[in-house]
Amino acid sequence: MNSTDVIHVAPAPVVVLRRRRAVAVVVLAVLLVGLMALAVRLAGGVVGSAGATEPVPAGTTVTVVAPGETLLDVAARVAPRSEPSAVVAHIRDANHLSSSLVTPGRPLVVPAAP
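Note on numbering: residues in each chain are counted from 1, in written sequence order. This being a predicted model, a pLDDT of at least 70 is required before a residue's local features are given, and a value of 80 or more before pairs of side-chain atoms are given or counted; all residues contribute to the totals for chains, interfaces and linings. With hydrogens and water stripped out, all remaining heavy atoms of the structure feed into the side-chain values.

Engineer: Help me understand the overall build of the chain, please; the structure alone is not making it clear to me.
Structural biologist: For the chain, the count of helices and strands is three helices and two strands. Strands here are runs of E lasting at least two residues and helices are runs of H or I lasting at least four, both read from the DSSP assignment and numbered beginning at the N terminus. Shown N-terminal to C-terminal, the secondary structure of the chain runs as helices and strands in the order α-β-α-α-β. Accessibility here uses a 1.4 Å probe with only protein chains present; expressed as a share of the type maximum, an area under 20% marks a residue as buried, one over 50% as exposed, and anything in between as partly exposed. Looking at the chain as a whole, 18% of its 114 residues qualify as buried. Only heavy atoms matter for contacts: two residues are in contact if any of them lie within 4.5 Å across the pair. Summarising the internal contacts of the chain: among those between residues at least 6 apart in sequence, 62% fall at separations of at least 24. To be clear on the numbers: accessible area is Shrake-Rupley with a 1.4 Å probe, and residue cover counts the displayed protein chains and nothing else. Of the roughly 8600 Å² of accessible surface on the chain, a fraction of 67% belongs to carbon and sulfur atoms.

Following this line, the structure appears as structure tokens:
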């Protein structure tokens, strides 16, 4: 080949260009939907957690730990509208627990609405 030779490259067929454009549109749409879902989830978590919890109930009752239940599960069961970590702390204090480990069948003093 000498310097005066010109190499001609055939243009991509229209079908290939349309397919590439369609794939790009689908990929961008999926990314956009994913970002919107993430934004809604994050905004819902922030809005949902602000002022949505009630204080830990002042009264108490006794409940039994079910098989497979954690202290966090017990807290969510006995005071579903309260902040779970605050309920766990209340349960640990009321039962003189040094950790959050509980055994199935154990009775626990837990917060309850009067």
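Engineer: How should I be thinking about the nonpolar core in this particular structure?
Structural biologist: As a rule of thumb, soluble globular proteins bury nonpolar side chains together. In plain words, nonpolar cores are sets of buried Ala, Val, Leu, Ile, Met, Phe, Trp, Tyr and Cys residues tied together by side-chain atoms within 4.5 Å. V65, L71, V74, A75, A79, V87, V88, I91, L97, V102, L108 and V110 form the largest nonpolar core, which has twelve residues in total. Listed by contribution, the elements that provide at least two residues to this core are helix 2 (71-78), helix 3 (84-94) and strand 2 (107-112). In this structure, A79 is in contact with P57 and V87, ignoring residues within four places of it in sequence.

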